[in-house]
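Here is how the chains run, residue by residue.
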Amino acid sequence: MFQLTGRKVVVFFLVFFIINYIIAVFWSIEPDRIEVKEYVLEQAVANGEESVTGYATTTALMFVAETLLNKSGGYLSNDKMPPSVFMDNMPSWELGALNQVRDLSLIMRKDFSRSQAQSVEHAQLKVAQPKFNIDHTSWQLPSAEREYQDAIDALAIYRAQLADPKDPNAQFYARADNLVTWLNEVQSRLGSMSQKLSASVGRERINTSLVGDEGAAQSTFAPSESMVKTSWWKIDDVFYEARGEAWALLHFFQAVEVDFKGVLEKKNATVAVRQIVRELEATQETVWSPMILNGTGFGLMANHSLVMANYVSRANAAIINLNNLLTKG
């Protein structure tokens, strides 16, 4: 007769821990990057469609969203069972990529697909964009995966209508002003991420919120100086969220180079986009350390967050330069 002894319990939990640890490591492997131009052509051939203006951006958006659902381990942010319930790095990576998906889908709905402010929103984008904005931790009624898949399906319909010469209602307007609108969103997102990464090392920060406007005001009092520091428990989460955002963005900028080719060539700005992609690729280099280190200043220990902040800031500076070329060039 089977008897439960203390030794058997210890062995059981040890085996359970080892198995879950191995699964967690496997599920923490970040997805590979792809060459968007080649992938877009493959998708067009597979679907019997023509790669028209907007096809690359829509395909890149679908690819990033599909990767969130289909990567190793699937979508983990809303899992309630081990080992994923104990994981935080990959769910943070998912949130970063999802933030960029949400931003681009919004711009596609209100700008890229509309010729002017008074034009009607495309029906499928009107469906897709809100579905990407469900709470990323929602696991039932509805689940985040179900909503995201519905959004991807709506994007697929929009893409098919784009490529259909008999359907003039589905359009993608590759104009400089539309691209600038999205770049502004990206600048804001990366600027915030750079600040959070830099806050891995506590710094006294001067309040510059009202600088440059004599008549400016704010709701309540804020101190002139404050200590800004990311919690030690959140440093790795912020790092991987930045990795996820950069991973999504480098695919989106590759698509932008395809769809906005005419605009970029006219402004002599194609090389600026390629430089952005180059800077974003640097954020995806392999992390050889078993954990995210948080050394201070010029000390002996590395600070992975500050290294990532440097790459993110360089990418953001290149985006600002591209923005200036498009608006002033």
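Per-chain numbering applies: the sequence of each chain, read as written, is numbered from 1 onward. pLDDT decides what is reported in this predicted model: residues at 70 or higher carry local features, side-chain atom pairs at 80 or more are listed and counted, and totals for whole chains, interfaces and linings draw on all residues regardless. Values shown for side chains rest on all heavy atoms present in the structure; no hydrogens or waters enter the calculation.

Q: Honestly, the overall build of the chain in this entry has me stumped. Any pointers?
A: A helix here means a DSSP run of H or I that spans at least four residues, while a strand means a run of E at least two residues long, and both kinds are numbered starting from the N terminus. Within the chain, the regular secondary structure consists of eleven helices and two strands. Buried means the residue's accessible area, taken with a 1.4 Å probe over protein chains only, is under 20% of the maximum for its type, while exposed means over 50%, and partly exposed covers the values in between. Within the chain, the proportion of its 329 residues that are buried is 44%. The contact rule is simple, with two residues in contact once any of their heavy atoms fall within 4.5 Å. Of the contacts formed within the chain by residues at least 6 apart in sequence, a portion of 76% connects residues at least 24 apart. When the accessible surface of the chain is split by element, carbon and sulfur atoms take 56% of a total near 17900 Å². All accessible areas in this document rest on Shrake-Rupley with a 1.4 Å probe, and a residue is counted as covered only by the protein chains that are shown.

Q: Can you walk me through the packing of aromatic side chains in this structure?
A: How two aromatic rings sit relative to each other is set out by the distance from centre to centre and by the angle between their planes. We call Phe, Tyr and Trp rings a pair once their centres come within 6.5 Å, taking the six-membered ring for Trp, and we label the pair stacked below 30 degrees between planes, edge-to-face above 60, and tilted otherwise. Evaluated as defined, the whole model comprises 13 aromatic pairs. Centroid distance phenylalanine 63 to tryptophan 247: 5.8 Å. Interplanar angle 35 degrees. Geometry classified as tilted. Taken as a pair, phenylalanine 63 in helix α3 (residues 55–70) and tryptophan 247 in helix α8 (residues 235–259) lie far apart in primary sequence, 184 residues in all. Of the two residues, phenylalanine 63 and tryptophan 247, neither departs from the other in class, the shared state being buried. Measuring from ring centre to ring centre gives 5.2 Å for phenylalanine 239 and tyrosine 240, while their planes differ by 80 degrees; the resulting arrangement is edge-to-face. Tyrosine 240 matches phenylalanine 239 in its accessibility class, with the two residues each being buried.

Q: Looking at this structure, I do not really get the nonpolar core. What am I missing?
A: Within soluble globular proteins, side chains that are nonpolar generally end up buried alongside one another. Core analysis: the largest hydrophobic core is formed by 82 residues, its most contacted members being Trp182, Phe252, Phe253 and Leu322. For this core, the leading source of residues is α8, giving 14 residues. What makes a nonpolar core is a set of buried Ala, Val, Leu, Ile, Met, Phe, Trp, Tyr and Cys residues whose side-chain atoms join them at distances within 4.5 Å.

Q: Whenever I open this one, the environment of glycine 191 confuses me. Can you help?
A: By the element assignment, glycine 191 lies in helix α7 (residues 176–198). For glycine 191, a relative accessible area of 26% gives the class partly exposed. Along the chain, glycine 191 and valine 312 lie 121 residues apart, while their C-alpha atoms are 8.2 Å from each other.

Q: Whenever I open this one, the pattern of salt bridges confuses me. Can you help?
A: Proximity of charged atoms lets side chains of opposite charge pair with each other. Criterion for a salt bridge: a side-chain nitrogen of Lys or Arg within 4 Å of a carboxyl oxygen of Asp or Glu. Considering all chains together, one arrives at twelve salt bridges under this definition. Linking aspartate 111 and lysine 110 is a salt bridge whose minimum nitrogen-to-oxygen distance equals 3.0 Å. On the accessibility criterion, lysine 110 (33% relative accessible area) is partly exposed.

Q: Help me out: how do you make sense of helix α2 (residues 36–47) in this one?
A: Since there are 3.6 residues in each turn of an α-helix, residues three or four apart along the chain are aligned in direction. Here the expected span of a helix is defined as 1.5 Å times the quantity of residues minus one. Between the first and last C-alpha of α2 there are 16 Å, a value that for twelve residues agrees with the 16 Å anticipated at 1.5 Å per step. All of the buried residues along α2 are Val36, Tyr39, Val40 and Ala44. Relative to the axis of α2, the buried residues are bounded by an arc of 135 degrees and lie together on one face. Away from the buried face of α2 by more than 90 degrees, exposed residues Glu38, Leu41, Val45 and Ala46 are located. Where α2 is buried, its residues contact α3 and α8. Looking one or two residues beyond α2, the residue adopting positive phi is glycine 48, at roughly 65 degrees. Working definition: the arc comes from the directions between the helix axis and the C-beta atoms, pointing outward to the latter.

Q: Is there a simple way to think about the packing of α8 against helix α11 (residues 304–328) in this case?
A: Two packed helices can be described by the angle between their axes and the distance between those axes. The axes are straight lines fitted to the C-alpha atoms, using for helices just the contacting stretch, and the angles between their N-to-C directions are given from 0 to 180°. Where α8 meets α11, the closest approach of the two axes is 10 Å, and the angle between their N-to-C directions is 30 degrees. One finds that α8 runs roughly parallel with respect to α11. For α8 against α11, the interelement crossing comes out left-handed. Facing α8, whose interface residues are Ile235, Phe239, Ala242, Arg243 and Phe253, α11 presents His304, Ser305, Met308, Ile319 and Leu322. Under the grouping applied here, Gly and all other residues not named as nonpolar or charged are polar, the nonpolar ones being Ala, Val, Leu, Ile, Met, Phe, Trp, Tyr, Cys and Pro and the charged ones Asp, Glu, Lys and Arg. Looking at the contact of α8 with α11 residue by residue, the classes come out as seven nonpolar, two polar and one charged. Our angle categories are set so that under 35 degrees counts as roughly parallel, over 145 as roughly antiparallel, 65 to 115 as roughly perpendicular, and the remainder as oblique. In this scheme, a crossing is called left-handed if the near helix is turned counterclockwise away from the far one by less than a right angle; it is called right-handed if the turn is clockwise.

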